[in-house]
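Each chain is listed here by its residues.
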Amino acid sequence: MTASATGSARFLIVGPQGSGKGTQGVLVAEAFGVPQVATGDIFRANVAGGTELGKRVQAIIEAGDLVPDALTSELVRDRLEQADAAQGFLLDGYPRNRGQVDDLAAFLTARGEALDAVIELDVPRRESIARLHDRAVQQGRTDDTEEVIANRLAIYERETAPILDVYREHGLVVKIDGVGTLDEVTQRIFEGLATRGLVAGAAA
Ligand code: AMP
């Protein structure tokens, strides 16, 4: 099976914390047979494992601030160079600002590759805050406290949301209403991708 009707499936999923992008990203990646690469998950695994990288980023993550671009982009490049990402990937949580957008573009261009779609999960602020509070109760993440949540959402609005304008200019953004049941939102994503000829599992 190939990644999509066009032969590749290089996706970003972008949305505020609490938009459900982690869950949806896994489902889309599985359907297209590409790895889901979530920088937040990679950082958290390193913190939990007590690695050198984990020690460098722990305090930054606990404050809800952004890890420096150079470190984050290197981590992503290393991951995307692995064989399982040759036909595609779904990036969740990266890029998160303009510098990272440029880093990713430089990496892909050097490889003769390009993004196929940027999935924007649109969720109103009050809804994502409510979902983050629920998750804080359920998972007990150290960066899901009231103060840190506010910082993370402020960074999203200031630095991350504007990257969608860059991708919109390139005609890459598939905007999805993220309010609804998990299944409804998944369905909308597949329909949105299909309008661009991106159909999971289709023959090349
Ligand atoms: P997330 O699970 O995507 O919300 O990420 C958790 C935390 O990891 C963020 O609050 C940041 O501290 C860090 N992080 C994840 N992705 C990035 C990124 N692309 N750039 C900088 N920091 C990141």
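Calculation notes
- Residues numbered from 1 in each chain as written.
- Predicted model: local features only at pLDDT ≥ 70, side-chain atom pairs only at ≥ 80, totals over all residues.
- Heavy atoms only, no water.
- UniProt positions renumbered as here; feature names shortened; annotations may be inferred.
- Helix = DSSP H or I, 4+ residues; strand = E, 2+ residues; numbered from the N terminus.
- Contact = heavy atoms within 4.5 Å.
- Buried < 20%, exposed > 50% of the residue type's maximum accessible area, 1.4 Å probe, protein only.
- Axes fitted to C-alpha atoms, helices over the stretch in contact; angles between N-to-C directions.
- Parallel < 35°, antiparallel > 145°, perpendicular 65-115°, else oblique.
- Nonpolar A, V, L, I, M, F, W, Y, C, P; charged D, E, K, R; others polar.
- Phe/Tyr/Trp six-rings, centres within 6.5 Å; stacked < 30°, edge-to-face > 60°.
- Near = heavy atom within 4 Å.
- Polar contact = N/O pair within 3.5 Å; in protein donor to acceptor, adjacent residues only side chain to side chain.
- Areas by Shrake-Rupley, 256 points an atom, 1.4 Å probe, with all protein chains shown as cover.
- Core = buried A, V, L, I, M, F, W, Y, C linked by side-chain atoms within 4.5 Å.

Points about the UniProt feature "binding site: AMP" (unreviewed entry) in the protein
In the numbering used here, UniProt assigns the feature "binding site: AMP" (unreviewed entry) to Thr39, Arg44, Asp65, Leu66, Val67, Gly93, Tyr94, Pro95, Arg96, Gln100, Arg141 and Arg152. Taking the farthest pair of C-alpha atoms as the criterion, the annotated set spanning 114 residues is dispersed, since that pair is 25.1 Å apart. Relative to the elements of secondary structure, Leu66 occurs in the loop between helix H3 (52-63) and helix H4 (69-80). Apart from the residues within four sequence positions on either side, Leu66 is in contact with Ile60, Arg96, Asn97, Ile155 and Glu159. Here Tyr94 falls in the buried class, since its relative accessible area comes to 3%. When near neighbours in sequence (up to four residues on either side) are disregarded, Tyr94 contacts Leu12, Thr39, Thr72, Ser73, Val76, Gln100, Asp103 and Leu104.

Examining the packing of helix H2 (residues 39-49) against H4
Where H2 meets H4, the closest approach of the two axes is 11 Å, and the angle between their N-to-C directions is 100°. Considered as vectors, H2 and H4 are oriented roughly perpendicular to each other. Facing H2, whose interface residues are Thr39, Ile42 and Phe43, H4 presents Thr72, Leu75 and Val76. The class makeup of the residues in the contact of H2 with H4 is four nonpolar, two polar and no charged.

Some points on the packing of aromatic side chains
For any two aromatic rings, the description comes down to two numbers: the centre-to-centre distance and the angle of the planes. Per the counting criterion, the structure on display carries two aromatic pairs. Between Phe11 and Phe32 the ring centres are 5.0 Å apart and the planes differ by 85°, which places this aromatic pair in the edge-to-face class. With a gap of 21 residues between them, Phe11 in strand S1 (residues 9-14) and Phe32 in helix H1 (residues 21-32) connect regions that are remote in the sequence. Accessibility expressed as a relative area gives 0% for Phe11, which makes it buried. Seen from their ring centres, Phe32 and Phe190 are 6.5 Å apart, and the 35° between their planes marks the pair as tilted.

Some points on the site of the ligand
Taken together, 16 residues form the shell around the ligand, and within it Thr39, Arg44, Asp65, Gly93 and Gln100 come nearest. Separating a nitrogen atom of the ligand from a backbone N or O atom of Gly93 is a distance of 2.8 Å. Between the ligand and Arg96, the relevant distance is 3.0 Å, taken from an oxygen atom to a side-chain nitrogen or oxygen of the residue. Protein chains bury 96% of the 480 Å² of accessible surface belonging to the ligand in isolation.

Considerations on unusual backbone geometry
Of the consecutive residues Tyr94 and Pro95, the connecting peptide bond is found in the cis state with omega at -5°. Relative to the assigned elements, Pro95 resides in the loop between strand S3 (88-92) and helix H5 (98-110).

What about the nonpolar core?
Within the largest apolar cluster, 22 residues are counted, with the highest numbers of intra-cluster contacts made by Leu12, Leu80, Leu91, Leu104, Leu115, Val118 and Tyr167. Listing elements by their share of this core, those giving two or more residues are S1, H4, S3, H5 and helix H8 (163-169). Aside from chain neighbours lying at most four places away, what touches Leu104 is Leu12, Leu80, Leu91, Tyr94, Pro95, Leu115 and Tyr167. With 17 residues, the next largest nonpolar core counts Ala9, Val34, Leu121 and Leu198 among its residues.

Structural notes on the side chain of Ser19
Tracing the chain through its elements places Ser19 in the loop between S1 and H1. Separated by 2.8 Å, the side chain of Ser19 and the backbone oxygen of Pro16 make a polar contact. Beyond its immediate stretch of four places on either side in the chain, Ser19 contacts Leu121, Val123 and Arg131.

Notes on the UniProt feature "binding site: ATP" (unreviewed entry) in the protein
The sites that UniProt annotates as "binding site: ATP" (unreviewed entry) are Gly18, Ser19, Gly20, Lys21, Gly22, Thr23, Arg135 and Gly180. Residue Ser19 is classed as buried on the basis of its relative accessible area of 2%. One can find Gly180 in the loop between strand S5 (173-177) and helix H9 (182-194). Discounting chain neighbours no more than four positions away, the residues touching Gly180 are Val185 and Arg188.

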